[in-house]
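Examination of the molecular architecture
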Amino acid sequence: SSPSSALTLAVAYAVKYGELGLDIPFNPNPAIGVGMVLSIPALTAANFWNKSQEDGEGFTFPSFGGDGEGLSMTDVKKYGVAGTVAYVITELAFWAVAFPVASTALYQSTGHWPDVINDTADRTTVLGFIFAGANIARLAVPLRLGAALALAPWVDENIINRGEKTEDSK
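Here's what I pulled together on the structure shown here. (Residues numbered from 1 in each chain as written. Predicted model: local features only at pLDDT ≥ 70, side-chain atom pairs only at ≥ 80, totals over all residues. Heavy atoms only, no water.)

Before going further, it helps to spend a moment on the overall build of the protein chain. On a plain count of helices and strands, the protein chain comes out with 7 helices and 0 strands. Listing each helix as α and each strand as β along the protein chain from the N terminus yields α-α-α-α-α-α-α. Taking all 170 residues of the protein chain together, 15% fall into the buried category. Long-range contacts, defined as pairs at least 24 residues apart, comprise 56% of the intrachain contacts of the protein chain with a sequence gap of at least 6. Surface summary for the protein chain: the accessible area is close to 12,800 Å², and the carbon and sulfur share equals 65%. (Helix = DSSP H or I, 4+ residues; strand = E, 2+ residues; numbered from the N terminus. Buried < 20%, exposed > 50% of the residue type's maximum accessible area, 1.4 Å probe, protein only. Contact = heavy atoms within 4.5 Å. Areas by Shrake-Rupley, 256 points an atom, 1.4 Å probe, with all protein chains shown as cover.)

Shown next as structure tokens:
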């Protein structure tokens, strides 16, 4: 913890006072920008690659299930049309929430509501917030699949087989 704290303080100091002695991070520079964006994923990939080579079993993604298998779209498809419709409903719910959340984030950061019709900068910013939210939501794919699995029986009963239920009661 002590080395990481020292490194954090050193980097914070360099960022805060570095402009006085070094212009590189403070002038637009595409090469440095690309390097900053790609360095963390490259280090993470190298870390996973090294670990996979040590174990001798190759690279595998972490699993969320107790049996070594996580939730997948195959589990949703087992419910047939009802499972697929349930998954579509969960995705529509995400996107129905994404735009208002992104608009609120823009309002909180700039002090004005987005004008996505007339202002290209507002439209781009809102889409950027939605893109960031969608990437964060990828971490919750097992949760979304679980929600679709939980919703599938209700969808089957109330949407897919709704007409059959009324015919049987006659």
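What follows deals with the packing of aromatic side chains. Counting across every chain of the model gives 2 aromatic pairs. When the ring of Phe 94 is compared with that of Trp 95, the centres are 4.8 Å apart and the planes differ by 80°; the resulting orientation is edge-to-face. Residue classification places Phe 94 among the partly exposed positions, given a relative accessible area of 22%. What makes Trp 95 partly exposed here is its relative accessible area of 44%. With centroids separated by 4.4 Å and ring planes inclined at 10°, the aromatic side chains of Tyr 107 and Trp 113 adopt a geometry described as stacked. When the ring centre of Phe 94 is taken as origin, the NZ or CZ atom of Arg 144, which lies over that ring, is 5.8 Å away. (Phe/Tyr/Trp six-rings, centres within 6.5 Å; stacked < 30°, edge-to-face > 60°. Lys NZ or Arg CZ within 6 Å of the ring centre and 35° of its normal.)

On to a nonpolar patch on the surface, then. On the surface, Val 81, Ile 89, Trp 154, Ile 159 and Ile 160 cluster together to form a nonpolar patch covering roughly 430 Å² of accessible area. When contributions to the nonpolar patch are tallied by element, the ones reaching two or more residues are helix H4 (80-110) and helix H6 (141-160). The greatest single-element share of the nonpolar patch, amounting to 3 residues, is contributed by H6. Mapped onto the elements, Ile 160 comes out in helix H6. (Patch = residues over 30% accessible without salt bridge, like charges linked within 9 Å, V, L, I, M, F, W, Y side chains within 5 Å. Salt bridge = Lys/Arg side-chain N within 4 Å of Asp/Glu carboxyl O.)

To continue, consider the nonpolar core. Formed by Val 76, Ala 82, Ala 86, Tyr 87, Leu 145, Ala 148, Leu 149, Ala 152 and Val 155, the largest nonpolar core amounts to 9 residues. The set of elements that each furnish at least two residues to this core consists of H4 and H6. Top element by residues in this core is H6. It accounts for 5 residues. Other than its neighbours up to four places away in sequence, Leu 145 contacts Leu 71, Ser 72, Met 73, Val 76 and Tyr 87. Residues Ala 102, Leu 106, Val 126 and Ile 130 belong to the second largest nonpolar core, which totals 5 residues. (Core = buried A, V, L, I, M, F, W, Y, C linked by side-chain atoms within 4.5 Å.)

Following both chains from N to C, one finds H4 and H6 inclined at 120°, their axes separated by 7 Å at the closest point. The angle between H4 and H6 places the two elements in the oblique class. By crossing handedness, the relation of H4 to H6 is classed as right-handed. The segment H4 lies against H6, with Val 81, Ala 82, Gly 83, Val 85, Ala 86, Tyr 87, Ile 89, Thr 90 and Glu 91 engaging Arg 144, Leu 145, Ala 147, Ala 148, Leu 151, Ala 152, Val 155, Asp 156, Ile 159 and Ile 160. Broken down by class, the residue content of the contact of H4 with H6 amounts to 14 nonpolar, 2 polar and 3 charged. (Axes fitted to C-alpha atoms, helices over the stretch in contact; angles between N-to-C directions. Parallel < 35°, antiparallel > 145°, perpendicular 65-115°, else oblique. Left-handed = near helix turned anticlockwise from the far one by under 90°. Nonpolar A, V, L, I, M, F, W, Y, C, P; charged D, E, K, R; others polar.)

The topology assignment puts Lys 78 in the loop between helix H3 (73-77) and H4. Each C-alpha atom, one on Lys 78 and one on Leu 149, is 9.4 Å from the other, the two residues being 71 residues apart in sequence.

Here we take up helix H5 (residues 120-137). For H5, spanning 18 residues, the distance from its first C-alpha to its last is 25 Å, which sits close to the expected 26 Å at 1.5 Å a residue. Burial in H5 covers these residues: Asp 122, Val 126, Ile 130, Ala 134 and Ala 137. Down the axis of H5, the buried set is contained in an arc of 110°. They therefore lie on one face. For H5, the exposed residues lying more than 90 degrees away from the buried face are Phe 131 and Ile 136. Next to the buried residues of H5 lie H4 and H6. Of the residues that open H5, the one with a side-chain oxygen 3.1 Å from the backbone nitrogen of Ala 121 is Asp 119. (Expected span 1.5 Å × (residues − 1). Arc of directions from axis to C-beta. Polar contact = N/O pair within 3.5 Å; in protein donor to acceptor, adjacent residues only side chain to side chain.)

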